[in-house]
Structures are given as structure tokens and as C-alpha cells.
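Survey of secondary and tertiary structure
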Amino acid sequence: MSDEIKVGAYICKGCGLGDRLDCGQLATIAEREGKANLVREHDFLCNAEGVAMIQNDIDNEGVNKVMIAACSRRSKNDAFNFDNVAISRGNLREGVIWTRPDTDEARETTQEMAADYVRMGCQEIKYMALPHANEEAASNNNLLIAGGGIAGMTAAIEAAAAGYPVTIVEKSGQLGGGAAFEYKRIPESAPYAELEDNGVAGMVAKIEGDSKITVHLNSTITKTSGAPGRFSADISTESGSTSTGNFGAIIMASGARNYDANQLPELGYGKTPDVVDQTGLEKLAVEANGGPIKRPSDGKVVENVVFVQCAGQRSTQEGHLPYCSGHCCLTSIKQAMYFKDQNPEVDTNIIYTDLRTPGAGGEDFYRSGQQKGITFTKGTVSEVTAGSNGPEVKFNDLILDQEVNESADLVVLATGQIPNSGVDVDAPEPEEGAPEVSVDSILNLTYRQGKDLPHLKYGFNDSHFICFPYETRRTGIYSAGPVRRPMDMAQAKEDATGAALKAIQALENAKLGRAAHPRSGDLSFPNFRKEGCTQCKRCTVECPFGAIDEDEERYPQFNEARCRRCGTCMGACPVRVISFDNYSVETVGQQLKNVDMPDEFDEKPRILVLACENDAYPALDMAAQNGNHYSPYARVIPVRCLGSVNTIWVTDALNSGYDGIVLMGCQKGENYQCHFVKGSEIAHTRMSKIDDTLESLSLEKERVATYEVAITDIERAPQLINDMAETVEKVGMSPFKF
Amino acid sequence: MTDANQQMVEQYRNNFLREVEDNVEEGGWVKMCMQCGVCSGSCPLGPHWDHPPQELFMMIRAGKRDEVLQSSSMWMCTSCYNCIVRCPRELPITHIMHGLAHYAKRLGIAPKNQPTHKFAQLFWNNLTKTGRVNELKLGLALYFMNGISEGIKTSLKMKDVGLGMMMTKRLSPMELIGGHKCKDTSGLQAILKKAEELEAARIPVAGK
Ligand code: SF4
Ligand code: SF4
Ligand code: SF4
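Just so it is clear, the structure is predicted and the values come from calculations on it, not from any experiment.

Reading guide: rules and limits
Residues numbered from 1 in each chain as written. Chains lettered and ligands numbered in written order. Predicted model: local features only at pLDDT ≥ 70, side-chain atom pairs only at ≥ 80, totals over all residues. Heavy atoms only, no water. Helix = DSSP H or I, 4+ residues; strand = E, 2+ residues; numbered from the N terminus. Buried < 20%, exposed > 50% of the residue type's maximum accessible area, 1.4 Å probe, protein only. Contact = heavy atoms within 4.5 Å. Areas by Shrake-Rupley, 256 points an atom, 1.4 Å probe, with all protein chains shown as cover. Domains from an automatic or database assignment. Buried area = accessible area lost by both parts, 1.4 Å probe. Salt bridge = Lys/Arg side-chain N within 4 Å of Asp/Glu carboxyl O. Polar contact = N/O pair within 3.5 Å; in protein donor to acceptor, adjacent residues only side chain to side chain. Nonpolar A, V, L, I, M, F, W, Y, C, P; charged D, E, K, R; others polar. Phe/Tyr/Trp six-rings, centres within 6.5 Å; stacked < 30°, edge-to-face > 60°. Lys NZ or Arg CZ within 6 Å of the ring centre and 35° of its normal.

1. Structural notes on the overall build of chain B
A count of helices and strands for chain B gives eleven helices and zero strands. Ordering the α and β elements of chain B from the N terminus gives α-α-α-α-α-α-α-α-α-α-α. Burial status across chain B gives 38% buried among its 208 residues. For chain B, restricting intrachain contacts to residue pairs at least 6 apart in sequence, the fraction spanning at least 24 positions comes to 65%. Just so you have it, chain B exposes about 12,000 Å², and 59% of that area is on carbon and sulfur atoms.

2. Here we look at the domain arrangement of chain B
Residues and elements named next belong to chain B. Segmentation of chain B into domains returns domain 1 (3-107) and domain 2 (115-202). Placing the centre of domain 1 and that of domain 2 at their C-alpha centroids yields a distance of 30 Å. Facing four residues of domain 1, the contacting portion of domain 2 comprises five residues. Around 430 Å² of area is buried between domain 1 and domain 2 when both sides are counted, 50% of it from carbon and sulfur atoms. Considering only the side of domain 1, the residues that lose the most area to domain 2 are Trp 75, Lys 105 and Arg 106, jointly responsible for 88% of the buried surface there. The tally of links between domain 1 and domain 2 comes to zero salt bridges. Linking domain 1 with domain 2 are three residue pairs in polar contact (both at pLDDT 80 or more). Taken together, the residues that form the side of domain 1 that touches domain 2 break down as one nonpolar, one polar and two charged.

3. Structural notes on the packing of aromatic side chains
For the structure shown, the criterion picks out ten aromatic pairs over all chains. The interplanar angle of 75° and the centroid separation of 5.0 Å between the aromatic rings of A:Tyr323 and A:Phe460 together place this pair among those described as edge-to-face. Placement of A:Tyr323 in the loop between strand E16 (304-308) and helix H9 (328-342) and of A:Phe460 in strand E24 (residues 460-461) is noted, with a sequence separation of 137 residues between them. For A:Phe460, a relative accessible area of 6% translates into the label buried. When the ring of A:Phe395 is compared with that of B:Tyr12, the centres are 5.1 Å apart and the planes differ by 70°; the resulting orientation is edge-to-face. Of this pair, A:Phe395 sits in strand E19 (residues 391-397) while B:Tyr12 sits in the loop between helix H1 (3-10) and helix H2 (15-23), placing the two residues on different chains. On the basis of relative accessibility, which here comes to 0%, the residue A:Phe395 falls in the buried class. Residue B:Tyr12 is classed as buried on the basis of its relative accessible area, which comes to 1%. The side chain of A:Arg564 reaches across the aromatic face of A:Phe545, ending 4.3 Å from its centre.

4. A word on the domain arrangement of chain A
Entries for chain A in the domain assignment read domain 1 (1-130), domain 2 (143-255 + 420-429 + 437-512) and domain 3 (260-417). Here domain 1 of chain A and domain 2 of chain A have C-alpha centroids that lie 48 Å from each other.

And the structure:
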């Protein structure tokens, strides 16, 4: 095939476009201004005949770049899906006729809008190329799992069942994690009323009998390098011997450990052996093995036990856990049943502030506990003391509003889970002289951005918990189980199954050189022009996914398979040497420079809207579908992530006479919804510095506004554009229209 | 052991809950309450109760035997069924209220001067005497429930209503002497006596 570029521009007249717009004029624009080599109009472009027409041009007319001016790029992807050609879309339906009223007065500005989108589409396609094959593509079917607890074992069993070889690395001498020490488990099947065996033995047997699963006990991962499809990991035993394995993807299931109950002397822990934590009670139950449970101090059979919920949890007190560990209410019900099932005469009192029983069977299990006569008391425990006959619990009954002293044979503290998430790679450098806290890394990644998965809050792995729970910020490494968020056994199993599937997906994508979520299937990746790079390192720092290392000469070194194609590096680069074949500083820059810019006295301002393709752009499309109109002066360009917005676009837009600029990304911060986790946040920071640029041009600050927009903002998103139109009316037209 | 100690040992144990389960109509449901408070919020008379249903249920679980059984609260229930309809745990709350009242009454510790309690007794006495409710006597008994002077005052106040009812033959002054009755009064008495025996055998009253 020759390298000659041949652009085919196709203008659809269906869906009312032909009635509302002068499509002949648009065709002329595509030809004269867009310089398309071939321009065609069609009454119904997405029907079989329209699609065949385009395919015929590709096959027989040598068209290798296709510009389709029709509906939104989010519509009709199945129809407009042509192999081996680059495709751009001009959004005339949702972006123009549906955002504008069908009136005579609106006709002129609506047509101008459409004309601009045709110009923009023609420019974009000119600078777009078909992504070329990624040389980094690598194939490896092996999965590495850090941790052999419930989550790790489940992931291994599930992945092996799907045909993928698995290696489990477990730090301790046995599989099963904490669950192995539990007497019984919370029921996992209907009617969720009776306790079940902990199930660990069965899982271990399954693993031992599965030739696809290799287990390394007493071992840790001492080094991990590479990328999806080509990870390499050193597995070291306690005795010091190390073996190296190659893996396609990794699951981090390093679980959680117990909160140290010694920090709760006010609740009697350490003051009398008859105050235990939940793990301590499991031990007593295992010892009793179905017989009456005896208290540790003197072996007296327990006739009366009090459970203190939220011990050292959900509390703002220093040294306590601020969060809810999610499983401990269910666990206390389970443990109270140990007593009730053995002897219904034993008094069991669970003192809670809010009883939380998540999961499908949670409520049924709670009811079952009530049926069995467990007393549930809403109250707050202030103190547990070692009395002469046994521990005494002082609490406030919140329903009866009374102070109570209850004596018991045994007190169980429901303490929380602390994730084993390794090193906090974002932690600020410790102050000089501060005592060194050494934390063992779980993965020992050789990545420039640190040894482990980044944390979000309270030490739990950052894993996009709002929308895509398994996606961490290290591509091809998935986290599952309580290292990600607090959870119980049943939830950990579900979690691990999901993570196993995601890991398989990731290694399969890596084989084809395709991106993982959220641009799954995308073949483009960052091209880096080393000659121009000033080694400022912004890209390596800002990449939300740690995809960029440094080579020996301290130049950024891209690991394509680790890249999620968000373009944050492209947005960060001050010398603009990073681009994608089909998305670059030029593909957007040329669009915004090629709109028709009426002069200052025309009273027709221009507002540039850069909208995140994940949420903001769909929100605008949906707004249009709902008939929510916005200013005809807006020109909307979708971006991969607000993080990919290079400030040069803003500067160029201001210099070419735009009167206002609106940037729309996803929610940032702790409860982020940004599909690329950090992109929106980084963009907001970048844009907060745009004031200098505005000042140097003597332009008003209000002309650039950055917003967090949710996909549901179908009224607010158009309103934000209209607000900018109003602002422009107030501050006046830009003087930069040449 | 002192009283306080006694109390400390007995609180939040299952013993009173068991007693309620064994003796109170629908008492087995008390342990299923999840303390959401919807019943208390739904009861039209709730604000006037000493202890709305949710609280009564917690008191039972906390072992507050005397306070519960001597309470006037469950006597306040008007059987509107709002709570039953709304309880997410489907407790037959109305029935439990009457069950508790009934049990307290049988134990002889129901509050003596609680008006509903008093009226219920008057009604029972009136009905069981002849097998027919004597409305005139029942009405007057109700007026004089709290003494002669209040009775006279109430009677005078209600005089016109009474006369009106007589004019329309809704009330017969003849009822004052004897009044109508069922065919076999002594047979009825025998039935009631037997029923009482049967019930006593079925539900042993704790402590008796
Ligand atoms: S595109 Fe995004 S994920 Fe890829 S290297 Fe750049 S910043 Fe990192
Ligand atoms: S992170 Fe935010 S700005 Fe980036 S793609 Fe997601 S929603 Fe858009
Ligand atoms: S509504 Fe039902 S569950 Fe809620 S407090 Fe009342 S009785 Fe209990």
C-alpha cells in the first residue's frame, strides 16, 4: 500500500440532519477547507448501503482515512467499523442539531456549528494514523499470586480452572491464611442460618491436586520487574534460595492482619486473659471442638459472654482505626452461635452501635442469630475491667438510655483488619531524625514509582473502588481480598474470582499489545521522541500507572504494556514529545485552530470545551438526547482524560481568539471517579496555574474554567457551557481574533 | 446479695425473655426486633406512652421484668395496627402489646388505675354477668369509674345524648333493673370457669 493519504469525508443526512442542516454546504466545506480527497453525502449513512459505500471507497478508491460527519462517536460504532483505516467522527447529531432548538433564528448558528465540526473532523483525521503494532507485545499465560489465604487460593483455583498455570507465593508455612484458624465460617449459602466448616482443607486439597498450581510456602517475592505479559519475579525462601519465574499477570492477595488489641487496655485486653479478640475466641472454639467453651483464666465453662463491637474501630481516637472492618458484626454473630449451638442456655450479648451485616445472606444470618436467642444490645462500651468473678463490662444502653454494668465470664473484642499492603509509595519522605519505620514490601517492584501498589486511604490498595474495583494503579497487577478493602471470607472469594478474570484479561490483552481497562482493546501507545526530551521527568512522575521508568541515560523509558493510554504523560510534557498515533497534541490542536473564528465585532464568541470522553462527553450527548440545549458558540472536543490536556491547547486556543474555555473531567480526590484515577486531579492542578498565561495575555481569569462532571450531569454539563457564554458576555469578546 | 447486685446479674440475660416467650401471646417474636424504631414512630399514641414498643422490647431483653409488666404502656395500644403494617421484621406488635397486658393482668401486677385496664375489667364484669352487654349499666359504670362526684358531673354532661338515644329506642331505661340476658346464664358461667381452668393449665403463671 502506498503511503499516500487519501481522506474520504462522509456526510450523513439521516436522523433529521438533512432537514436541519444544509448538507451541501457542509460537503463543500469538507472539500474546499477540509481538503478531503473524496466527499460524499448519504441519506442514511449507517445503513447497509451507506456502510457498503464507504467500504467500496476504501477497497477501490484508495481511501485510507475516513471522516464521518453524522452522529456522536459513541453511536453506531458497529456500523462504522472499518479495518485498517483511521476514522474520525464529526458529531452533527448529538453535538449540533439535538443541542439546538429547531427555529428559524437558530438556523444560522446551528449551521455554523455543523460547519466547524466538519472542519475539525477533517483536520483531526489528517493528523491521525492507524496505530502500528506494539513491539512490546508479549505472551505469557502464567499467573503469580502473592498470598495463599482465602483470596489467593480462590484466585488460583479459578484461574487454573480457566486453564492458566498459577504460582502461589505464601509467606507462612501453610495455605489458608487466617481462615485456617477459624473454627467455623459464616454460612455462604441459603438459608444462611447455620454455621459451615471453614472449607480451607477442601481448598488446599484442590490446590495440591491441581497440576496447574505451584505453591511456594515460607517464601516471599523479592523482586518484580517487567510489564503485563512479561513480568519477571524472584521468589525467595526463608532459607535464602531464590528462583526466578516469568508471568503474564499478578494478583496481590496479601490479606490483612489483626489490629493489635494490646492498644485497648480500656477494654480490658491484657488486663485479664478472659478478654480476647475474635481470633482469640476462634482459638478457644477450636480447642473446645464442639464441647463447652472454657474461659482462659481458670477453665470455667463460659455461661455468659459479651461481645464488644467496633473495638478500636470506627473511631477518631488516636491509635484507633477510623474505618469499619465490615466482617466483624457477622463474625460476632457467628461466634455467639458457637455458644448457643452448644448450649442454648449460655447468655450471649452483642453490644453494638450499628449492626452491619453486608452480603446476600447477612440479614438472614442476623435473624438466625436472633432466633437462637442471642441478645443484641445497642450501646457503647466505655470500659471493661477485670472483676473478681470475671470481666465487667460498663456500657451505655442507647435505647434505654441507661448506664449498665454487666459481669461476664468472657468478653470478646471485635477488633479490625489492617491491610498487608506493603510500602506506601506516596508517603512523604520521613523527616530527618524521625524513627525509621520499616515496612516489608509485598511485590518489591523495580518500578521508578515505588515497590508496591499505591494506597488510597488507611493503607488499603488503591483499586478504583467506586467503578472498577480490581483495577489498581499498576497495570496487570490486580488486588483482591482485604488488602483492597475490609471484607469477610465470602466477599474475598468473590473478589478473588473477579481479580483472576481481570488478570487473565490483562495477559491476553498483553499478547495482542492492547490496552487494558478502560481503553481496553486500544492498540495505540505513547510514542516518545527522545531527541526533544529535556529530562524534566514530568511524565514519569505524573503517569498514574507507573508505566514509565528511566533508562541508564535518565531518559523516560516507556513500558507500553503497563500503559493505559490515558495520555496524562502527553498532557504533562512541556516540550510535547509524547504522542499517540491516533491522539496527539496535533490531532486536538489542529481541530481547535481550524474552527471559523468570527471577528470581534460579530457578536459570535467561540467557547472551547475539552470534555473527558469517559463521563463528560457522554453526559453532553445524553443532555442532547434529552433536549437540553446549550450555546451555539461552543465547540466540544473529546479528550481521553482531562489529564491528557496539554496546556499548549489552552494557550493556542486563547491566542486564536477563543473567548472562553471549559474543561470537564471526572471527580477527583479520595472519592474519585476518574477512569484514570489521577488524570483529572493532575489536570486540575495544571489548570490552576493557567492564570499566569491569562495574565500575560491580559485576559480575564474567568475565561478558563475547569469542572468535575459526572456522567449523570445531563442538566449541569450544558449549564456549565451556558455559564461560560454568560461570562463571555460579561467580560466581553477576546481581543485576539485575527 | 443486695438488690443492686441481683439486678446486675439478671440484666441482659435471657431469663425474662424466656418468660415472655413462654407466657405472652406472640412473645416469641420479641427477640426478633432489630430496634429500628419504626413502630414507635408509627404509633399515633406513641408520644404519650412511657415506653413505646421498641423500648418495651429492649427492656424485655435487658431483663427489666417489673418495669415492663407494671408499665401502663401496652395498655395504651388502640389496635390501630400501624406498627404491624410497618415493622420491617414483621413482628405482630399489636398482639404482643395485648399479650403483655394480659399477662401482667393475670399476674395481678397491671397498673390499677390505668383507665383502659379499668374499663376492660368493667366490660368483662358487665358482660359475664348475663352473657349480654348492658350498655346503660356499662356506660354509668364508666362515668362513675373515678368516684361519685365525677360520675354525677359526667352523667349530667352526657344527659342529652342519653335522652336522645332513649327517644330513638337505642337505649332502654328498663335495662337498669335486670336487663336482657342470654338464655342460660349459669351455663355461660360454667363455660367461662372451665375456660379459665384450661388456660391456667396451658400457661402456668410464673411464680404461682
Ligand atoms: S498514557 Fe497514561 S498510562 Fe500511558 S504512559 Fe502516559 S501517563 Fe502513563
Ligand atoms: S480520569 Fe477523569 S478526566 Fe480522566 S478519563 Fe477519567 S473521567 Fe476523564
Ligand atoms: S418496627 Fe419492628 S423491628 Fe422495628 S423497633 Fe419496632 S418491633 Fe422492632
